[in-house]
Amino acid sequence: MAVIPNAQDPDEYITANGSERFVREVIETAVPSIKYKLLYFRKNYKLQEDGERLRYIQQALKLIAAIPTPIEREHYVRELTGEFNYSYDAAMQTLNEIRMQTEKNEKIRDNKDNPWNNVMNDGRPRQQMPRVMPAYQFAERRCWPQ
């Protein structure tokens with residue numbers, strides 16, 4: 001995502017600074033969406049205070065936990081722990097706890113890609129199978145003329 005200084009409209013920025021500068025300073029310095037979200041959330045916290053810093057890190061870890069690929073998660077956790085001088089292992093443990101809790105809270109249970117057995121106990125009434133008569137009753141019916 002591209003961030004334009006002073007919350008200007010792209011047209012305003014280009015008019016004031018020129019298209020070459022727009023490309024050089026805005027387009028070429030664009031950040032991935034996850035990085036943009038982290039920067040956006042960061043504005044809501046006073047990072048000089050310990051409690052606020054910890055709340056920000058917790059919020060950032062929740063955001064990072066939603067990333068599907070492990071390498072990207074590791075990249076952002078390393079960046080976060082390096083910036084605030086926290087233990088990478090502790091941050092990864094917290095991240096994994098967040099991921100486990102999120103998976104627990106999801107409506108879909110195991111085998112997400114193959115949900116054949118996920119409807120076992122979903123609360124809907126089951127369709128009743130037709131009752132099969134015992135063999136002796138069937139035989140008796142066949143013996144008596146109709």
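Attention here is on the structure that accompanies the text. All chains use their own residue numbering, which begins from 1 and follows the written sequence. Under the rules for a predicted model, residues below a pLDDT of 70 receive no local features and side-chain atom pairs below 80 are neither given nor counted, while totals for whole chains, interfaces and linings still include all residues. Heavy atoms throughout the structure, all of them, feed into the side-chain values; hydrogens and water do not.

Details of the nonpolar core
To qualify as a nonpolar core, a set must consist of buried Ala, Val, Leu, Ile, Met, Phe, Trp, Tyr and Cys residues joined through side-chain atoms within 4.5 Å. For every residue, the accessible area obtained with a 1.4 Å probe (protein chains only) is divided by the maximum for its type, and the residue is called buried under 20%, exposed over 50%, and partly exposed between those limits. In terms of nonpolar packing, the biggest core is built from 21 residues, with Y56, L61, I64, V77, L80 and L95 touching the most fellow members. By the criteria applied, helices consist of DSSP H or I runs no shorter than four residues and strands consist of E runs no shorter than two, each listed in order from the N terminus. When residues of this core are traced back to their parent elements, those giving at least two are helix 3 (33-42), helix 4 (50-65), helix 5 (70-84) and helix 6 (88-105). Element by element, the count of residues in this core is highest for helix 4, at seven residues. Residues count as neighbours in contact if any of their non-hydrogen atoms are within 4.5 Å of one another. With residues near it in sequence (within four places) discarded, L80 still touches Y56, I57, A60, L61 and I64.

Notes on the side chain of R73
Assignment of secondary structure puts R73 in helix 5. Look at R73: it is buried, it has no salt bridge, and the nearest opposite charge is E103 at 7.9 Å. When sequence neighbours within four positions are dropped, the list of residues in contact with R73 reads I64, A65, I67, P68, L95 and R99. Neither His nor the chain ends is counted toward charge; the positive residues are Lys and Arg and the negative residues Asp and Glu. We define a salt bridge as a contact between a side-chain nitrogen of Lys or Arg and a carboxyl oxygen of Asp or Glu at a distance within 4 Å.

Comments concerning unusual backbone geometry
Unlike most non-glycine residues, N85 shows phi in positive territory, near 60°. Here N85 is to be found in the loop between helix 5 and helix 6.

Regarding the environment of I64
Among the secondary structure elements, I64 is positioned in helix 4. Through-space distance from the C-alpha of I64 to that of E74 is 8.9 Å; in sequence the pair is ten residues apart. I64 has contacts with R73, Y76, V77, L80 and L95, leaving out every residue within four places of it along the chain.

Comments concerning the packing of helix 4 against helix 5
Two elements in contact, helix 4 and helix 5, have axes whose closest approach is 10 Å; the angle formed by their N-to-C orientations is 170°. Relative to helix 5, the element helix 4 lies roughly antiparallel. Between helix 4 and helix 5, the contacting residues are R53, Y56, I57, A60, L61, I64 and A65 on the first element and R73, Y76, V77, L80 and F84 on the second. For this scheme, ten residues count as nonpolar: Ala, Val, Leu, Ile, Met, Phe, Trp, Tyr, Cys and Pro. Four count as charged, namely Asp, Glu, Lys and Arg, and the remainder, Gly too, count as polar. Residues belonging to the contact of helix 4 with helix 5 are distributed by class as follows: ten nonpolar, no polar and two charged. To get an axis, a line is fitted to the C-alpha atoms, and for a helix only the part in contact is used. The angle between two axes follows their N-to-C directions and goes from 0 to 180 degrees. Angle categories: roughly parallel below 35 degrees, roughly antiparallel above 145, roughly perpendicular from 65 to 115, and oblique for all the rest.

Some details on the pattern of salt bridges
In total, this model carries six salt bridges according to the counting rule given. Measuring nitrogen to oxygen at the nearest pair gives 2.5 Å for the salt bridge that ties R55 to E52. A residue pair is termed a helical-turn pair when its members lie 3 or 4 positions apart in one helix, as R55 and E52 do in helix 4 at three residues. Taking the relative accessible area as the measure of exposure, R55 reaches 47% and is therefore partly exposed. Ionic pairing is found between E74 and R78, a salt bridge with its closest N-O pair at 3.0 Å. On the criterion of helical spacing, the pair formed by E74 and R78 is a turn pair, its members being four residues apart in helix 5.

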